[in-house]
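These are the residues of each chain, in order.
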Amino acid sequence: MSTDVMHIGPGNSVAELKESILGHFCFDVGKSPEYATLHDWYMAVAYSVRERMMEHWVSSLERIRDKHQKIVGYLSAEFLMGPHLGNAIINLGIEQQIKEAAEQLNINLDEILQQEEEPGLGNGGLGRLAACYLDSLTTLKVPAIGYGIRYEFGIFDQMIRDGWQVEITDKWLRNGNPWEIVKPELNYGVKLGGKTQGYTDEKGGYRVKWIPEYEIRGVAYDTPVPGYKNETINLLRLWKSEATESFDFQAFDKGDYYGAVHEKVFSETISKVLYPNDVSEAGKKLRLSQQYFFVSCSLQDALRILELRGLSLDDLPDAVTFQLNDTHPSIAIAELMRLLVDEYMVDWDKAWECTRKTFAYTNHTLLPEALEKWSLPLFAHILPRHLEIIYEINSRFLSDIRNKYPGDDDRIRRMSIIDEQGSKYVRMAHLATIGSHAVNGVSALHTELLKQDVLHDFYELQPDAFFNVTNGVTPRRWIKLYNPRLASLISDRIGERWITHLETDLINLQSFADDLSFQQAWRDVKKQNKTDLAHLLKQRFGMNINPDSLFDIQVKRIHEYKRQHLNALHIIHLYNRIKQKRTDGITPRTFIFGGKAAPAYYLAKLIIKLINAIGETIDNDPEVNQFIRVVFFPDFNVKNGAHVYKAADLSEQISTAGKEASGTGNMKFSMNGALTIGTYDGANIEIMECVGEDNFFLFGLDAAEVKAIKQNGYHPYDVYNNNNDLKEVIDLIQSGAFSKGDTNIFKPLINSLLGDDPYLVLQDYQAYVDCQQRVSAAYNNEQAWTKMSILNVARMGKFSSDRSIRDYCENIWHVTPG
Ligand code: GL4
């Protein structure tokens, strides 16, 4: 059977690809080529490429079955995949042929690629990490399914009007999605609300059943994820919510048409829209319903696969391992217990052992506002049975703790899944930790802080359950696809193996760091990438930037802890110096910002306004703009990221130490030849260790100093008063210099900085400005800078997501790649 399938596989010659594209044009797009739009061609090319993945899909499934391989179920509320077409083409290894086929068809492949609307099913780093991990899992031939939600509307599109962020609905599905394959037969019922009822089973045992208020259905939408040139496909399986019955015929018979449709509308709401908050939680009812919805479908799906493979429930931990991508899917722990205990009648202890063996939990943030907790009434209202199960898990767990630490009531209070203070809450991080066999942080520092702080009691209880897995990013998308000039320069010197062996091979570039002709070629690539970005910004937004200036870039979600406003203060410092004619030592720079603010996060939106206001003021001031420019690149997403990382000279990674769990943009920049100005935070520390302190611009307080200064009483107003330069900078904002005389508009931001400055912007200001001065000086030495840039790239091998996935395989999942 398997070989039959292989035989029908389409070929990859130029002629075959051309024929295939024309075939899809005719049979799927259904138009005559004379009337074709670019989007029509995109669809035809996408179908042709997808077809070439499908044969590997079937053979990959057969391989898993025949080898009895363990499957990784990556449970994530977000997958920020980025456009599929370009990635699929390079991973299938058909870029040359496709290019040629397109040429022969008289279509421009770059224009075709631009047609794809990216699936923005994530907020930022966490969702993008999930996407990099799927790429690496598949490239390493680890059987995996990414389980998530098929949001109808992903992260909003950002527009900038009058300097302010405006949110536009992301209608990513409006022109169809050629990458997904709906599996109507793969659908599961998901209950919500209602109550529970006890009963006695045939053996006289006490059991509980859940009588829900309503039930919805989840339908599977599969997207193939190709490995790099290895004929392997994994699945991204996203659930769409539907009504169990589209019409309530009883209501319909009574003439209540609207009542009949109501249920359908409600059911479809569950997978309607992604919550646009990054590292912060709103505690909304719909959000908990979304989490439960996708987790319940995914677990039912895994149990179906188990059965299909002829295995029993006892085999579950050996057949599947579930990774919880933050606490968002952690209700899965209670759901698996419910399925095993209530539906499969497994006894509690056995079910618990199986559950703990099956789950592992990754924590992605220490920020208190991001640690999910649900109020008990809300939880009970949506998941009454799960709350009972959580109480049972908690009471057994706490009784163990009591035995271990007799009389330590404070510890009980701290470790309980239920937060008993004030209005009571379910703490999802505690549920995730207690219900998993492994817990990991995402950088060395972050894991250390998890152990010392947020999960300290749990670490003390079970130190062996804690691991670090430093994040990584895929070099396929982030170097080969999005920086083709650099990729071919690297391959020219060290061969192509680095694409899948970054850790061992990229280091070979080191020997060229002093080679002057290589340095020149290196600079040429950067210059061309910068020129491309300048053209794009000119074309799309009419912005004027100079590719000969230093490109100083900060792209990431806008958040106070990431301190885009610290960057802005430095810009104003330069502005002030230029206005005062103290220009020596100022290197021409273009400051580029990008990133979305959560729609309800007022201060973040005000930071965007401030950046744009500074940019506009400078645009209109030739005295200043001969030295510096500031641009805000609207709607930063994966697609726009393609043009940004490769064009950077300087990467801004300036979060308050201890706040950024890892960061992954820091890795993308450095891998593409930017030097980093950064704090001692997240993965910056490990990046600096790898690239060398001399090739990294470090400044500011470290995490311990941040903690100490806060404990001893921090007084930002004194910092402001005692630093003349800083005072001038803040006073300039306050004077209305960037707001046409309006002295009110930025008050909330200034009040926050002078009032309590929770992220120590003022404290780190001077160190940052001084460090930027060192950057300027270093940039003026072209050769030395180029050498640092080469060494940065050469020493970044550790930060491939392939390494991260190998770490997970070895320490957490116990599966062998390949
Ligand atoms: C995040 C962290 O903020 C970020 O530092 C990290 O790189 C990313 C992936 O581990 O996870 N946590 C949340 S929540 N959103 C993130 O981007």
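Rules used in this analysis
- Residues numbered from 1 in each chain as written.
- Predicted model: local features only at pLDDT ≥ 70, side-chain atom pairs only at ≥ 80, totals over all residues.
- Heavy atoms only, no water.
- Helix = DSSP H or I, 4+ residues; strand = E, 2+ residues; numbered from the N terminus.
- Buried < 20%, exposed > 50% of the residue type's maximum accessible area, 1.4 Å probe, protein only.
- Contact = heavy atoms within 4.5 Å.
- Areas by Shrake-Rupley, 256 points an atom, 1.4 Å probe, with all protein chains shown as cover.
- Lys, Arg positive; Asp, Glu negative; His and termini not counted.
- Charge placed at Lys NZ, Arg CZ, Asp CG, Glu CD.
- Pairing = 2+ DSSP bridges.
- Core = buried A, V, L, I, M, F, W, Y, C linked by side-chain atoms within 4.5 Å.
- 1 Å grid on protein atoms, 1.4 Å probe; cavity = no way out; pocket = protein on both sides within 12 Å on 5 of 7 lines; lining within 4 Å.
- Points joined across faces, edges and corners; volume = space filled by probe spheres on them.
- Nonpolar A, V, L, I, M, F, W, Y, C, P; charged D, E, K, R; others polar.
- Domains from an automatic or database assignment.
- Axes fitted to C-alpha atoms, helices over the stretch in contact; angles between N-to-C directions.
- Parallel < 35°, antiparallel > 145°, perpendicular 65-115°, else oblique.
- Near = heavy atom within 4 Å.
- Polar contact = N/O pair within 3.5 Å; in protein donor to acceptor, adjacent residues only side chain to side chain.
- Buried area = accessible area lost by both parts, 1.4 Å probe.
- Salt bridge = Lys/Arg side-chain N within 4 Å of Asp/Glu carboxyl O.
- Arc of directions from axis to C-beta.
- Expected span 1.5 Å × (residues − 1).
- Phe/Tyr/Trp six-rings, centres within 6.5 Å; stacked < 30°, edge-to-face > 60°.
- Lys NZ or Arg CZ within 6 Å of the ring centre and 35° of its normal.

1. Considering the overall build of the protein
Stage number 1. Scanning the protein from terminus to terminus reveals 36 helices and 24 strands.
Stage number 2. Seen along its three principal axes, the alpha-carbon backbone of the protein occupies a region of about 90 × 75 × 60 Å.
Stage number 3. Buried residues in the protein amount to 61% of all 818 residues.
Stage number 4. Considering only contacts in the protein between residues 6 or more positions apart, those separated by 24 or more positions represent 76%.
Stage number 5. When the accessible area of the protein is evaluated, it comes to approximately 31,300 Å², of which 50% is carbon and sulfur surface.
Stage number 6. Positive and negative side-chain charges of the protein, numbering 88 and 109 respectively, have mean locations separated by a distance of 1 Å.

2. Points about the sheet that holds strand β15 (residues 418-419)
Stage number 1. One open sheet holds the three strands; their spatial order is β14-β16-β15, and the pairing between them is antiparallel. The strands lining the two open edges of the sheet, one partner per strand, are β14 (373-375) and β15.
Stage number 2. Sheet topology note: the β14/strand β16 (residues 425-427) ladder contains three bridges and is antiparallel. What sits directly across from W374, in β16, is V426.

3. Here's the deal with the nonpolar core
Stage number 1. Formed by 144 residues in total, the largest nonpolar core has its most connected members in V49, F359, F379, L383, I393, V426 and W813.
Stage number 2. Core analysis: the next-biggest nonpolar cluster, separate from the first, contains 67 residues, F591, F593, V769 and V775 among them.

4. Focus on empty space enclosed by the protein
Stage number 1. Enumeration according to the criterion identifies 14 cavities of 30 Å³ or more in this entry.
Stage number 2. Space inside the largest cavity adds up to approximately 780 Å³.
Stage number 3. In terms of lining residues, the largest cavity is bounded by 46 residues, among which G124, G125, L126, D278 and R557 are the most central.
Stage number 4. Per-element accounting of the lining of the largest cavity gives the leading share, four residues, to helix α7 (residues 125-139).
Stage number 5. A per-class count over the lining of the largest cavity returns 15 nonpolar, 17 polar and 14 charged.
Stage number 6. Both domain 2 (69-84 + 119-470 + 806-813) and domain 3 (475-797) contribute no fewer than three residues apiece to the lining of the largest cavity.

5. Considering the packing of helix α23 (residues 516-541) against helix α35 (residues 782-794)
Stage number 1. Contact pair α23 / α35: the axes reach a minimum separation of 10 Å and the direction vectors enclose 80°. Judged by the inter-axis angle, α23 sits roughly perpendicular to α35. On α35, the residues touching L516, F518, Q519, W522 and R523 of α23 are E782, Q783, T786, K787, S789, I790 and V793.
Stage number 2. Residue classes in the contact of α23 with α35 are distributed as five nonpolar, four polar and three charged.

6. Describing the layout of surface pockets
Stage number 1. Computed from the structure, the largest pocket encloses a volume of approximately 1,400 Å³.
Stage number 2. The biggest single contributor to the lining of the largest pocket is α23, with six residues.
Stage number 3. Tallied by class, the residues present in the lining of the largest pocket amount to 15 nonpolar, 11 polar and 14 charged.
Stage number 4. Inspection of the lining of the largest pocket shows a minimum of three residues originating in each of domain 1 (1-68 + 85-116) and domain 3 (475-797).

7. Quick look at the pairing of strand β8 (residues 195-200)
Each regular strand carries side chains that alternate between the two faces of the sheet.
Stage number 1. With six bridges connecting them, β8 and strand β9 (residues 206-211) associate as antiparallel partners. Within the sheet, the bridge partner assigned to K195 lies in β9 and is I211.
Stage number 2. Connecting β8 to the next strand, β9, in antiparallel fashion are five residues, including G204 with a positive phi near 85°.

8. Focus: unusual backbone geometry
For residues besides glycine, phi is generally negative; the peptide bonds are generally trans as well.
Stage number 1. One non-glycine residue with positive phi stands out, namely K141, at about 55°.
Stage number 2. Among the secondary structure elements, K141 is positioned in the loop between α7 and β4 (144-149).
Stage number 3. With a phi angle near 40°, D757 is a residue other than glycine that sits in the positive phi range.
Stage number 4. Its location among the elements puts D757 in the loop between α33 (747-755) and α34 (761-780).

9. Comments concerning the site of the ligand
Stage number 1. With respect to spatial proximity, 13 residues lie near the ligand, and among them H364, N471, E660, S662 and G663 are the closest.
Stage number 2. The side chain of Y561 places a nitrogen or oxygen atom 3.3 Å from an oxygen atom of the ligand.
Stage number 3. Between an oxygen atom of the ligand and a main-chain N or O atom of G663, the distance comes to 2.9 Å.
Stage number 4. Among the residues making up the shell around the ligand, the classes are represented as six nonpolar, five polar and two charged.

10. Re the domain arrangement of the protein
One frequently used descriptor of interface size is the decrease in accessible area upon assembly of the parts.
Stage number 1. Examined at the domain level, the protein breaks down into domain 1 (1-68 + 85-116), domain 2 (69-84 + 119-470 + 806-813) and domain 3 (475-797).
Stage number 2. Each of domain 1 and domain 3 has a C-alpha centre, and these two points are 39 Å apart.
Stage number 3. Taken residue by residue, the interface counts seven residues in domain 1 and six residues in domain 3.
Stage number 4. In total, domain 1 and domain 3 occlude about 570 Å² of area from one another, counting both sides; carbon and sulfur atoms represent 52% of this.
Stage number 5. When residues of domain 1 are sorted by the area they lose upon contact with domain 3, N87, I90 and Q114 head the list and together hold 69% of the total.
Stage number 6. Taking the shortest distance from any N to any O, the salt bridge between K480 and E95 comes out at 3.1 Å.
Stage number 7. Run the count over domain 1 and domain 3 and you get three residue pairs in polar contact (both at pLDDT 80 or more).

11. Quick look at helix α30 (residues 703-711)
Stage number 1. Along α30, the residues that are buried comprise A703, V706 and I709. Down the axis of α30, the buried set is contained in an arc of 130°. They therefore lie on one face. For α30, exposure combined with an orientation more than 90 degrees from the buried face picks out A704 and Q711.
Stage number 2. For α30, the secondary structure elements touched by its buried residues are α34.
Stage number 3. At the N-terminal end of α30, a side-chain oxygen is found 3.2 Å from the backbone nitrogen of A704, two or three residues along, and the residue is D702.
Stage number 4. Residue G713 follows α30 closely and has a positive phi angle near 95°.

12. Description of helix α24 (residues 564-579)
Stage number 1. Helix length check: α24 (16 residues) gives 23 Å between terminal C-alpha atoms against 22 Å at 1.5 Å per residue, within 8%.
Stage number 2. The element α24 is largely enclosed, with a buried count of 15 among its 16 residues.
Stage number 3. Remark: K581 follows α24 within two positions and exhibits a positive phi of approximately 60°.

13. Here's the deal with the packing of aromatic side chains
Two numbers describe a pair of aromatic rings. These are the distance of the centres and the angle of the planes.
Stage number 1. In this structure the tally under the stated criterion is 24 aromatic pairs.
Stage number 2. Here W210 and Y292 contribute two aromatic rings whose centre-to-centre distance is 6.1 Å and whose plane-to-plane angle is 55°, an arrangement assigned as tilted. Placement of the pair is W210 in strand β9 and Y292 in helix α10 (residues 285-308), with a sequence separation of 82 residues.
Stage number 3. Here W210 falls in the buried class, since its relative accessible area comes to 6%.
Stage number 4. Ring geometry for W478 versus Y645: centroids 5.4 Å apart, planes at 85°, classification edge-to-face. Placement of the pair is W478 in helix α20 (residues 475-481) and Y645 in the loop between α27 (638-644) and β22 (650-653), with a sequence separation of 167 residues. Considered together, W478 and Y645 belong to a single accessibility category, that of buried residues.
Stage number 5. An aromatic cluster of three or more residues is present, and its members are Y74, F79, Y133, Y808 and W813.
Stage number 6. A cation sits over an aromatic face here: K373 above Y425, 4.1 Å from the ring centre.

14. Considering the side chain of K596
Stage number 1. With respect to the element layout, K596 can be found in the loop between β20 (589-594) and α25 (602-619).
Stage number 2. Those residues within four positions of K596 in sequence are excluded, and the remaining contacts are I155, F156, D157, Q158, Q165, K556, R557, I558, D635 and F636.

15. Looking at the sheet that holds strand β1 (residues 71-75)
Note on sheets: strands pair through backbone hydrogen bonds, and any given pair is parallel or antiparallel.
Stage number 1. The mixed open sheet is built from nine strands, whose spatial order is β7-β10-β11-β4-β1-β12-β13-β17-β18. This sheet does not close on itself; its edge strands, each paired only once, are β7 (181-192) and β18 (466-468). For this sheet the average axis-to-axis angle between neighbouring strands, irrespective of direction, equals 25°.
Stage number 2. Inspection of the sheet shows β4 paired to strand β11 (residues 233-243) by five bridges, in the parallel sense. Paired with G148 across the bridge in β11 is L238.

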